Amino acid sequence: MSKGIFVVMEQRYGKVQNVGLELVGEATRLKEDLKDDVVAVLLGHNIEGEVAKIFHYGADKVILVDDPMLENYVTEPYTKAVTEVIKAFDPEIMLFGASSIGRDVAPRVASRVKTGLVADTTGLRMAKTEAELAKEAEMGNATPERALLMTRPAFGGNIMATLMCPRTKPQMATVRPGVMKMIAKDETRTGELVKFDVNFTAEDMNVEILEAVKSDKKSVDLTEAKLIVSGGRGIGGPQGFDIIRDVADALGAEVGSSRACVDAGWIEKDRQVGQTGKTVRPDLYMACGISGAIQHVAGMENSELIIAINKNESAPIFEVADLGIVGDLKQILPKLAEAVRKYKAAKANS
Amino acid sequence: MKIVVCIKQVPDTVEVKIDPKTGTLIRDGVPSIINHDDKTGIEAALQLREQLGGTVTVVSMGPPQADVALREALAMGCDEAYLVSAREFGGSDTYATSGIIAAALKNIGYDLIITGRQAIDGDTAQVGPQIAEKLHLPQVSYVEEVKEATADYVVVKRQYEDGYHIIKIKTPCLLTAIAELATPRYMSVRGIVEAYEKEIKVLGFEELKNDLELDMIGLKGSPTNVYQSFTKEVKGAGTILEGLSADEAVKAIMDKLEAKFII
């Protein structure tokens, strides 16, 4: 019988990426219902040093495929390695990060092992209710109590759909980075390491990488930010980001943006939050002059605290805001930056 | 070189609205367009044809109305167009869809296949790689530039979140296009006239059945099924404050930040 909640870890330049640890965290939550082990699959070359960290974040077992063929990400060797792992271990569930790597390898693996794959999910849960179990059985699932329900946005976030994969295994999904939460790191945690060999042939390297370049520019990772102050069209122009940056600086926050400002060239693309940008869930998301198009909201609505400032009292951003201020951000933000600095100075001196 | 571009007709999602009473999408009057990434793929193919010679074939799977998208592609300058359409294909998920398109491509023939990275309605980015898998072809996805192209291979720049690879890939192969790859040209008047004189060939179930996994197509054969669709639940309403002075507004924000231990 298929068994285990498998997470294909993403590593770049020998470092495990957060999205994999987030998925390990989510797998530990699924384990509460399914009772299967959380198994991380780590592919790369000379990366055994990363294994301990995966245990610290909740994995029961790590399957390590260490091979020079896996040094850089290349579709075919990675597809082959994951497929071999599936054949050998027969997982119940397999999760991938919905990054430009996960979205390249996961569909090929799904096709090769003839199973379904649900893209860019934002919610995962085991089937539990009578209705869910009945539907799974009706659709041909022999073990409905082991069925995974996978929720994802479609139509630019207008519609959510919950999907199932009732007849084939593993049940596979990609999950967007920043959506799931890691569990607290526990450095005393350990687990079972399984080294797994894949017989690669020269033909598996069916493309030639002429150059692999890591971007020099320190790209901003908004998905990691605890605090984000974001600007939208309402800030008026590229210089509007000066006020935004000032508030962000006072708070120790990162600067975010709506798509409109990126398209207008007011700020770099890596600052964009939303359906076509980053999905973020910081402790604070301050939306300044952002109307709140559904595509933007889809990327920030899970933030812990949302504060919105907008002149237009009917802006949809107010529907998701915990605190909405109808007013002029050009008046409010400079005073806010000053107030935050004063508060912090007073706190430091007390 | 025979270049085949796979395109999808999609609703212009920016204009999609929800019926507040039924909670379903209002599709009436929503314009249909060629998916952005796919249109980029068409442009890239046309540029390669200008450089290498050969033909550009455009293929779309969908209902008969998808012929509008195919005509637009012809008007942009594509040489021939195929509509893959049959009742049996309806409701296919990405696995089933890629199997059907792969069967069509076997019939049509190809040296180079280009798809868009993803469609704006489904956003899955799965069909391109899955077509490549069904046809046992190497792939490069997220292609932002073609550096070099010959009859035997192409050299492309593959985008990652934190850098890029320059990859040499032999043909036949499949590439998926992102917006940076090319800026689609407009249809020409002559192109539009010619587009309506050309025949759009239809590949249906009968034509493709010998190349299909018959138990893996359509709604019934798709490995994934929709359990339910719903509109997003709106978060409980927060506090909206109007008519405050700037100082009062700052006070309200500071109180909130303090209460939530942000500062």
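On to the overall build of chain A, then. Within chain A, the secondary structure is distributed over nine helices and 18 strands. Rg of the C-alpha trace for chain A: 22 Å, near the compact-globule value of 20 Å for 350 residues, within the 12% margin. Of all 350 residues assigned to chain A, the portion counted as buried reaches 54%. A fraction of 67% describes how many contacts in chain A between residues 6 or more apart in sequence connect residues 24 or more apart.

Our focus in this paragraph is the overall build of chain B. In terms of regular secondary structure, chain B is built from eight helices and 15 strands. C-alpha atoms of chain B, sized along the principal axes, occupy 70 × 40 × 40 Å. In chain B, which comprises 263 residues, the share counted as buried stands at 47%. Excluding contacts between residues fewer than 6 apart, the proportion of contacts in chain B whose partners are at least 24 apart in sequence is 70%.

Once that is clear, we can look at helix α8 (residues 246-259) of chain B. For α8 of chain B, built from 14 residues, the straight-helix expectation of 20 Å at 1.5 Å per residue is met to within 8% by its first-to-last C-alpha distance of 20 Å. Along α8 of chain B, the positions that sit buried rather than exposed are Ala249, Val250, Ile253 and Leu257 of chain B. Considered in projection along α8 of chain B, the buried side chains sweep an arc of 100 degrees and stay on one side of the axis. Exposed side chains of α8 of chain B directed beyond 90 degrees from the buried face belong to Asp247, Asp255, Glu258 and Ala259 of chain B. Its buried side turned inward, α8 of chain B meets β17 (305-310), β18 (323-326) and α9 (329-349) of chain A.

Further remarks concern the nonpolar core. Val41 and Ile54 of chain A together with Ala73 of chain B are the most contacted members of the largest nonpolar core, which totals 130 residues. Element by element, the count of residues in this core is highest for helix α3 (residues 94-108) of chain B, at eight residues. Look past the residues within four positions of Ile54 of chain A in its chain and what remains in contact with it is Met9, Val16, Val24, Ala40, Leu42, Ala59 and Val62 of chain A. Core analysis: the next-biggest nonpolar cluster, separate from the first, contains 53 residues, Val273, Ala308 and Ala337 of chain A together with Leu257 of chain B among them.

This part covers the confidence of the model for chain B. The predicted model of chain B averages 92 in pLDDT, with 92% of residues at 70 or higher. Both scores are given for the predicted complex: the pTM is 0.83, the ipTM 0.88.

All names here are of chain B. Topologically, Ala177 is positioned in strand β12 (residues 173-177). Residues Ala177 and Ala75, spaced 102 residues apart in sequence, show a C-alpha to C-alpha distance of 20 Å. Once residues within four sequence positions are removed from consideration, Ala177 is found in contact with Asp37, Thr40, Gly41, Ala44, Ile114, Gly116, Arg117 and Val143.

This paragraph deals with unusual backbone geometry. Following Lys169 of chain A, the chain continues to Pro170 of chain A via a peptide bond in cis, the omega torsion being -10 degrees. Within the secondary structure, Pro170 of chain A sits in the loop between β10 (159-164) and β11 (171-175). Here the amide bond leading from Thr171 of chain B into Pro172 of chain B is cis, since omega sits at 0 degrees, within 30 degrees of zero. Within the secondary structure layout, Pro172 of chain B lies in the loop between β11 (163-170) and β12. Despite not being glycine, Asp123 of chain B has its phi angle at roughly 55 degrees, a positive value. Looking at where Asp123 of chain B falls in the secondary structure, it is placed in the loop between β8 (112-116) and α4 (127-134). Classification of Asp123 of chain B by C-beta neighbours within 10 Å gives buried; the count is 22. One non-glycine residue, His136 of chain B, lies in positive phi territory at about 55 degrees.

For α9 of chain A, spanning 21 residues, the distance from its first C-alpha to its last is 30 Å, which sits close to the expected 30 Å at 1.5 Å a residue. Restricting attention to buried positions, one finds in α9 of chain A the residues Leu329, Ile332, Leu333, Leu336, Ala337 and Val340 of chain A. Buried positions in α9 of chain A, seen along its axis, are confined to an arc of 135 degrees and lie on one side of it. The outward face of α9 of chain A, more than 90 degrees from its buried face, is lined by the exposed residues Lys342, Ala345, Ala346 and Asn349 of chain A. Looking at the packing, one finds that the buried side of α9 of chain A touches α6 (240-251), β16 (284-288), β17 and β18 of chain A together with α8 of chain B.

Moving on: the domain arrangement of chain A. All names here are of chain A. By domain assignment, chain A separates into domain 1 (5-204) and domain 2 (222-349). For domain 1 versus domain 2, the separation of C-alpha centres amounts to 33 Å. Each partner contributes to the interface: domain 1 provides eight residues, whereas domain 2 provides nine residues. Classifying every residue of the side of domain 1 that touches domain 2 gives three nonpolar, four polar and one charged.

So, on to the sheet that holds strand β15 (residues 239-242) of chain B. Spatial strand order, β15(A)-β14(A)-β16(A)-β17(A)-β18(A)-β15(B): six strands in an open sheet with parallel pairing. The open sheet has two edge strands, β15 (254-257) of chain A together with β15 of chain B, and neither has a second partner. The average angle at which neighbouring strand axes cross in this sheet is 15 degrees, direction not considered. One ladder, built from four bridges, connects strand β14 (residues 227-231) of chain A with β15 of chain A; its direction is parallel.

Residues and elements named next belong to chain B. Running from N to C, α3 and α4 cross one another at 55 degrees; their axes reach a closest spacing of 8 Å. Judged by the inter-axis angle, α3 sits oblique to α4. Like other packed secondary-structure pairs, α3 and α4 cross with a definite hand, here right-handed. On the side of α3, the interface is formed by Thr94, Tyr95, Thr97, Ser98, Gly99, Ile101, Ala102 and Leu105, while α4 contributes Val127, Gln130, Ile131 and Lys134. Broken down by class, the residue content of the contact of α3 with α4 amounts to six nonpolar, five polar and one charged.

Attention shifts here to the interface of chain A and chain B. It is common to give the size of an interface as the accessible area that goes away when the parts come together. On the chain B side, the residues contacting the 72 residues of chain A number 65 residues. Looking at the side of chain A that touches chain B residue by residue, the classes come out as 37 nonpolar, 16 polar and 19 charged.

Looking now at the sheet that holds strand β9 (residues 148-154) of chain A. Across a sheet, paired strands are connected by hydrogen bonds in the backbone, their directions being either parallel or antiparallel. Ordered in space as β8(A)-β9(A)-β10(A)-β14(B), the four strands form an open sheet in which the pairing is antiparallel. A single partner strand is all that each edge strand has here, and the edge strands are β8 (123-126) of chain A together with β14 (225-231) of chain B. Each strand of the sheet is rotated relative to its neighbour by a mean of 25 degrees, with strand direction disregarded. Two elements, β8 of chain A and β9 of chain A, share four bridges in a ladder whose sense is antiparallel. Of the residues in β9 of chain A, the one forming a bridge with Gly123 of chain A is Thr151 of chain A.

Conventions adopted
Residues numbered from 1 in each chain as written. Chains lettered and ligands numbered in written order. Predicted model: local features only at pLDDT ≥ 70, side-chain atom pairs only at ≥ 80, totals over all residues. Helix = DSSP H or I, 4+ residues; strand = E, 2+ residues; numbered from the N terminus. Rg over C-alpha atoms; globule rule 2.2 N^0.38 Å. Buried ≥ 20, exposed ≤ 12 C-beta atoms within 10 Å, placed from the backbone. Contact = placed C-beta atoms within 7 Å. Expected span 1.5 Å × (residues − 1). Arc of directions from axis to C-beta. Core = buried A, V, L, I, M, F, W, Y, C linked by C-beta atoms within 7 Å. pLDDT = per-residue confidence, 0-100. Domains from an automatic or database assignment. Nonpolar A, V, L, I, M, F, W, Y, C, P; charged D, E, K, R; others polar. Pairing = 2+ DSSP bridges. Axes fitted to C-alpha atoms, helices over the stretch in contact; angles between N-to-C directions. Parallel < 35°, antiparallel > 145°, perpendicular 65-115°, else oblique. Left-handed = near helix turned anticlockwise from the far one by under 90°.

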